[in-house]
Structure formats: structure tokens, C-alpha cells
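Chain and residue survey
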Amino acid sequence: MAHLNSTAQLLRVDHAGERGAICIYRGQIAVARLLHKPLVDPLEEMLSHELRHFSTFDAILKHRDIRSCHALALWALGGWVIGITTALMGERAVWVCTAAIENTVNEHLEHQVDFLGQADLEVFAAVQSIRRDEEAHENHALEHGGHGGGLYAILRWTIRGATSLAIWLSTKL
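So, here is what we can say about the structure in this document.

So, how was this worked out
Residues numbered from 1 in each chain as written. Predicted model: local features only at pLDDT ≥ 70, side-chain atom pairs only at ≥ 80, totals over all residues. Heavy atoms only, no water. Helix = DSSP H or I, 4+ residues; strand = E, 2+ residues; numbered from the N terminus. Contact = heavy atoms within 4.5 Å. Expected span 1.5 Å × (residues − 1). Bend = angle between axes of the 7 residues up to and from the residue. Axes fitted to C-alpha atoms, helices over the stretch in contact; angles between N-to-C directions. Parallel < 35°, antiparallel > 145°, perpendicular 65-115°, else oblique. Left-handed = near helix turned anticlockwise from the far one by under 90°. Nonpolar A, V, L, I, M, F, W, Y, C, P; charged D, E, K, R; others polar.

1. Notes on the environment of F54
Within the secondary structure, F54 sits in helix α2 (residues 37-63). Taking C-alpha positions, F54 is 16 Å from N106, a pair spaced 52 residues apart along the chain. Non-local contacts of F54, meaning those with residues more than four positions away in its chain, are made with H15, E18, R19 and I22.

Printed below as a string of C-alpha cells:
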């Protein structure tokens, strides 16, 4: 897991991650409208949460005059690619993707809580509030086939790796 040594660095990573999540859901929704209509409503609900999370981190960054991550555009592009690709692979791939990303994010947020509880109560409260949504997204995905068994294990492993790499890169950029 990436080592975070400042609240500003943590905020940049979380802000970028929310941008990526927004683009993943938008990509999945675009394909689901054509191929997987039953997925549209739950994905739109999850997207609404990610939009709120992004706004929360964006407001804190702006209020504190902290720059965003230099890789923000990369997160957006990667999100669209992952979202469209997994939706084209089918409904189960969407839920494997969601479970894999949210599991990685939830582990990352757990490390942040330990740091923030002592370092920054405002950001601690923001992270705690989004954790509930992220955990609910992971649980929903798992309940709908997102466990990633069989060949889906490769997809899960790949997405977890890509998410971890993006988090690490964001701590450097």
C-alpha cells in the first residue's frame, strides 16, 4: 500500500481516485444503457455517491489551496477504459470490477483513517463518510457475483493491481 506522509498528499490521491471512479461508472452506464439495462439504476446510484465524494475532496483542496494530482487526466482516461471494457465483458465483469476496486480502495482508506485520526479531523470526517458508501458498493457487487472466481479471478487481480498502481502513482505526482 502506498505510504502517505501528508494530508495534502492524501487529499490529492483521494480526489484523483474519485475522478477515476466517476469515469468508470460513466463508461459502464453508457454501455449498460445498450446491453445491460438492469445495471443502469444501481450504477447511477453509485455514480451519484462518487460525484458527491469528488465534490467533497475538491472543496477541501480548493479551500486549503492544495493542487490536485498531476495524474488526474490519467485517472479519468483509465476510468473510461476500465468502465467501457468491463461493461462490454458483461454484467458479472461489472460487478467483479466494482468489488475489486472498492476492496482496494477500502484497504487504502483504512490506512488513511489511522493517520487522519491524529492528523486532521476535517479530512478524517470526510474519509469516514465516504467509507460507508464504498463499503456498500463493494457489498452490493459481491452480492451480485463480484467474487471473481474462475477466469474472473484474472480480471479481479488485474483491476486490483491497476488500482494499487494508480494510488501509488498519485502519491508521486
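Moving on from the model shown.
2. Focus: helix α4 (residues 91-119)
Count 3.6 residues to each turn of an α-helix, and residues three or four apart come out pointing the same way. Between its terminal C-alpha atoms α4 stretches 41 Å, which fits the 42 Å expected from 29 residues at 1.5 Å a residue. Remark: the principal bend of α4, roughly 30°, maps to V113.

3. Description of the packing of helix α1 (residues 7-35) against helix α6 (residues 152-172)
For the pair α1 and α6, interaxial distance at closest approach is 9 Å and the crossing angle is 135°. Taken together, the axis directions place α1 and α6 in an arrangement best described as oblique. The interaxial crossing formed by α1 with α6 has right-handed handedness. Where α1 approaches α6, its residues Q9, V13 and A16 are matched on the opposing element by I167, S170 and T171. Of the residues that constitute the contact of α1 with α6, the class distribution is three nonpolar, three polar and no charged.

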